[in-house]
Each structure stands twice: as structure tokens, then as C-alpha cells.
Amino acid sequence: MDVTVIAETSGDGLHPVTAQLVGAAASIGGTPTVLCAGGTGAAEAASISGVAKVISVVGDCFGTFDGAAWAEALNSVTGGDVIIAAASPSGREIAATMAAIRGIPIVQDATDLAPGISVTRPIYSGKAIETSTITTPCAITLRANAFDAAGKGGSAEVSTVNQSADVAVAVREAIAKASERLDVAEADIIISGGRGMGGPANFSHLNEIADMIGAAVGASRAAVDTWEEIPHGMQVGQTGKTVTPSLYIAVGISGAIQHLAGMRTSKYIVAINKDPDAPIFSVADYGIVATWEAALPALKEELGKL
Amino acid sequence: MGIAVLLKQVPDTTAKISVSGGRVDESAVSKWSMSPYDEYALESALQLKESGGGDLVAITCGPARAAKMLTDAAAVGADSLLHILVEDLNALDSTQVQTILAAAVAHSGSDIVFCGKQAADTNAGSTGPGVAHLMDASCVTMVSEVASDGSSLTAMRASPNGNERVAVSAPCVFAFDKGINELRRPNVRGIMMAKKKVAEVLGPADLGVDVSASSVSIVSHTPPPQKPPGQKFEGADSVAAVVGKLRDEANVI
């Protein structure tokens, strides 16, 4: 099985999901070629165990994100039976465009792969699971943290290819994030607030706790829709972000079905709610029936002791 | 300037999904709605039409029940409706869906396409970029607003560092994230007018698209794995015990 992995980057280096993509490639019998767009993370990719080779694709087009141009440049560098990318916004776009260029099918956001190729993915934001078979050649994107990462210790050969494409998207203005807080899509621990927090100012308590444990702060759709101070980027759930952190702490969130769909696959879930019958408790590993006003100071104190 | 918006009817996000006989039971879905990201695409398309003129066609590929969603789009201002009738979308692969939609856009004569970044059923996100490629159009994803500055179109999109305002020329595809715009609701006049609007209904074959052999076949649908019941504690005094368990049982802090 000839597998091409599109490396996922984060800043100037590789995103940890890249090693998971390589691990997943091995599970369908592939020793992948890893493509590094713009050369980012090439040396790091070469050190991932099980990588056959790394192609650093450099060209002017990689200065601005234009998924169509990136896909065109990357596509001309490699063949392959299966293209694997991360199910991130850019990974999805590049893989979908490469699939369209080749006229091959794509399945996005897989959480399991088996030889054949059998693909498992959540549908309806996790309210059901679909298993399908897909013929090769094909493209598949993978959800972060769903696959075991390949280890370190590889020493694949790195080659550099100059390949660009026409960029059709011109950046007129860049607007930096209002806050430097960690994104919920990237975080290993998330503490989220709902309308039960009473008002947007009370999210400062969540921020304080997040800072203590390196967490991101999220919110329910009800909180985002009610208070304009809570941006959509914080929203966890079916019309927000789907997250799978190690620990998800839900505070003042009742647990509407579209919220549960976005966070139910978190490894451990803590729910703090004053209503003992709140649906959030049905997915919580540890439920605390209490007001946030009482529970959060106690949580701060206990975390401070760690 | 011809504007097309691609819409998909999906189970409402508040609807329960039940599985029977290894398949999601669509007949048990209590409410079908326009996919939420498509609603933002439609709103932004309406605003572009209002500011710059041009006809707005609402296009869907789906079963007969999706006709209601097209009528809803007409009620808020879509000028014409195009329904590509496909009874079982699950039987089509991504290439087939994109080929149908790109052919439908060409049929409508549109050169600016709005769609959701993904639909709320499969949550894939392949359609926008795929249709853009087939149209030989540029593509901007994760878009929250679009405006015309006369010579080009500008879009606000999410970037790893915040947001970017980018410019593109037609033909182009904008795949929408949840936007900053308030969604409009239809008024009585709009609803009455929409009832008189007749959708053009075509089959894939009418567009010259072959949908015979899908390269993806569904093996099974299953309910999500149930978590074992968790532990529940009363009162804020239990926070210390829970933190202890997170540290010692779960090893996550």
C-alpha cells in the first residue's frame, strides 16, 4: 500500500497529529511518504518511526494559505494509493482538493482504519458511528487523538522539490486574536462554561483555573448565542468545535444534545451543575451537584495544592 | 453576477438519531432543517445580492423532502430554486456529489458560490473545495463574511492566528463557518411568495452525471459506545475528592 501523508504543521514545526497519521498509515500496511508543505517540519518528520521518505515541497505559493494552490503543488509531487491528512480545516481542504484533482473519493474525519480499506467515522457529530469500505485510490482525513502515534527514532531520507502553483487568494489584512488563550481544538484539558455561569464576566473564574492547569476555556452554544463577549471560536458542540481532550470540565452546562455531540468522546468528563437531573451528568465520569459559585473556589484551592 | 448557494437538508441538531437494522433510521428523525453553516452561507449570499445586485439561486442535491428547505430559502429571498433529485445521498461518494453540484452551478450560470464549511450530518467539508476545483474556481474556507469592493470580492476567514481579510476574483467558492451575521427570518410576504415559487427539478442524468458506481459503500451504522455510569457527588465539599480522583484514578492532572 503506497501511502502519502500530508504533514500537519503548527507554527514553524509539526503538529503532534502528524505522528498519528503515520501510525494510522502503518495500520493499513503503509510505510508512508510524508509531504511537508513549504518544507515546514521536514527534519522532524524524518525522525518519525516508520516513515519511508520525506519530501519537502517548497515554492512561493506556501507563503499564503490557498488550499487549492497548496493541493495542486503537493499533488504533482507524489502518486500513491491513499492520501492521508489531518481532519483540521487546512488538512480537510487540501485533501478534498487533491481528491477532486485526481477524481478519487474522500472520507473525512475517520477515527479508525482497517485494511480493506475499512473506515470508521462519527456521523451526526457523534450521535452515530458509520463504518464503510472505500476503494483505492482514495483520500482519508483523520481525527486528532483517535490514532496511536508512531514513535521517534526514524531516519528517513529528506528530499526537496521546488513546486509552486498560482495563488488566487490575496491577504489584505491580518487581524490577530483578541486573546492569546489556548484554542479548545488544540487543548488537552478544557474547562467550559454554559449559561449557568450567569454572565460573561464570570468566565474570569474559568480563565483563572485554566491558567493553573494549562487548559483552554470553552463555552456552550447557549453561552455563545446569549453573550456577545463569548466568541464563537470558544463554542464546543455540533455547530462549534468537536473536541477530544484528556479532561473536559463542564461548568453550568446543562448538556443539550448538540453540546454532548461535541465533547462526549473526551477521555474524562467532570460536570459541575446545580441541577442533579441535568443531562450533562449522563456523560460525566465525575459529577458534582453544586453551584459554580461554591464549586469553583474549592476547585481553585484544590488545584493550587497539586 | 450570478450567485449560487449550495444547501443541504440534515436532521436538526436537536434531533435524536436512532439506529435500527444497522442503519440510521431516517424515518425516525423528528425534524429536518437546513444545515446550520448553510444558513450563514445563505444569509451572506443574500447580503451580497442586496449590495451588488445579481440573481441568487438556491441549489440542493437530495431527496424529495428537501423541497421544503428550498422553499424556506425562497421565503428569505432566493430568486430561483434548483433541486437535483437524489433519493439516497448515502449511496453517492464525494466525487459524485461534487460533480452533480458543479454541474448544477454551471446549469444555473452562477460564478460565485456560497456553501457551508461542512454539513451537520457527515461533517466532512469536501464539497466546497471539490466543487471549486471542478469549476476551476478559487476557494476560501472558514469564511464568516463576504463583501464586494467593485473589482473583487473580499472575505473574512479564520486563520491560525486570528482572522484574515482576503480578496479573490470570480469564479470563486466561499465555504462558511458560523458567521457574525444575524440570520434573517422570513416575513409573511416572503412566505406567501415562496409558496408560488416552483423549483426546477432535475436528475443527475439530466446534468450528464453518472451516479451508477460509488466507490464508498456503507457497511454499518451503530449507536455511539455508551460510557459506563460515572460517579456523582453532592455539594462543593466533594471537589477535593474529585480532584484526588482526577490525579490518582484518571491521571489527567
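Model, not experiment: these values are computed from the prediction.

Colleague: Whenever I open this one, the nonpolar core confuses me. Can you help?
Modeller: Soluble globular proteins tend to bury their nonpolar side chains together. Core analysis: the biggest nonpolar cluster contains 127 residues, and Ile84(A), Ile140(A) and Val5(B) have the highest contact counts within it. The residues contacting Ile140(A), other than those within four sequence positions of it, are Val82(A), Ile84(A), Ile106(A), Val107(A), Ala110(A), Leu113(A) and Val119(A). Among the nonpolar cores identified, the runner-up in size contains 53 residues, and Ile191(A), Ala215(A), Met234(A) and Val242(B) belong to it.

Colleague: Explain the sheet that holds strand β9 (residues 118-123) of chain A here, please?
Modeller: Each strand in a sheet pairs with another by means of backbone hydrogen bonds, the pair being arranged parallel or else antiparallel. Pairing is antiparallel across the open sheet formed by four strands, whose spatial order is β8(A)-β9(A)-β10(A)-β14(B). What marks the edges here is a single partner per strand, and that holds for β8 (112-114) of chain A together with β14 (216-222) of chain B. Going across the sheet, the axis of each strand differs from the next one's by a mean of 25 degrees, ignoring polarity. Relative to β9(A), β8(A) runs antiparallel, the two sharing three bridges. What sits directly across from Ala114(A), in β9(A), is Ser118(A).

Colleague: Is there a simple way to think about the sheet that holds strand β5 (residues 53-58) of chain A in this case?
Modeller: All names here are of chain A. With parallel pairing, the seven strands of this open sheet are ordered in space as β7-β11-β6-β1-β4-β5-β12. The open sheet has two edge strands, β7 (106-110) and β12 (157-162), and neither has a second partner. Ignoring which end each strand starts from, the neighbouring axes of this sheet average 20 degrees apart. Looking at chain direction, strand β6 (residues 82-86) and strand β11 (residues 138-142) are connected through five bridges and run parallel. Residue pairing in the sheet places Ala85 in a bridge with Thr141 of β11.

Colleague: Got a minute to help me understand helix α6 (residues 239-248) of chain B in this structure?
Modeller: Owing to its 3.6 residues per turn, the α-helix brings residues three or four apart onto one side. All buried positions along α6(B) are accounted for by Val239(B), Val242(B), Val243(B) and Leu246(B). When α6(B) is viewed along its axis, its buried side chains cluster within an angular range of 100 degrees and face the same direction. Along α6(B), exposed side chains directed more than 90 degrees from the buried face belong to Gly244(B) and Asp248(B). Against β16 (247-251), β17 (268-273), β18 (286-289) and α8 (292-305) of chain A together with β15 (231-234) of chain B lie the buried residues of α6(B).

Colleague: Even after reading the chapter, I still don't get the domain arrangement of chain A, so can you show me in this structure?
Modeller: Interfaces are often sized by the accessible area lost when the parts come together. Residues and elements named next belong to chain A. We note that the domain assignment places domain 1 (3-162) and domain 2 (189-305) within chain A. Relative placement of domain 1 and domain 2: their C-alpha centres are 32 Å apart. Contacts between domain 1 and domain 2 engage four residues on the former and seven residues on the latter. Here the side of domain 1 that touches domain 2 is built from residues that sort into no nonpolar, three polar and one charged.

The rules behind these values
Residues numbered from 1 in each chain as written. Chains lettered and ligands numbered in written order. Predicted model: local features only at pLDDT ≥ 70, side-chain atom pairs only at ≥ 80, totals over all residues. Core = buried A, V, L, I, M, F, W, Y, C linked by C-beta atoms within 7 Å. Buried ≥ 20, exposed ≤ 12 C-beta atoms within 10 Å, placed from the backbone. Contact = placed C-beta atoms within 7 Å. Pairing = 2+ DSSP bridges. Helix = DSSP H or I, 4+ residues; strand = E, 2+ residues; numbered from the N terminus. Axes fitted to C-alpha atoms, helices over the stretch in contact; angles between N-to-C directions. Arc of directions from axis to C-beta. Domains from an automatic or database assignment. Nonpolar A, V, L, I, M, F, W, Y, C, P; charged D, E, K, R; others polar.

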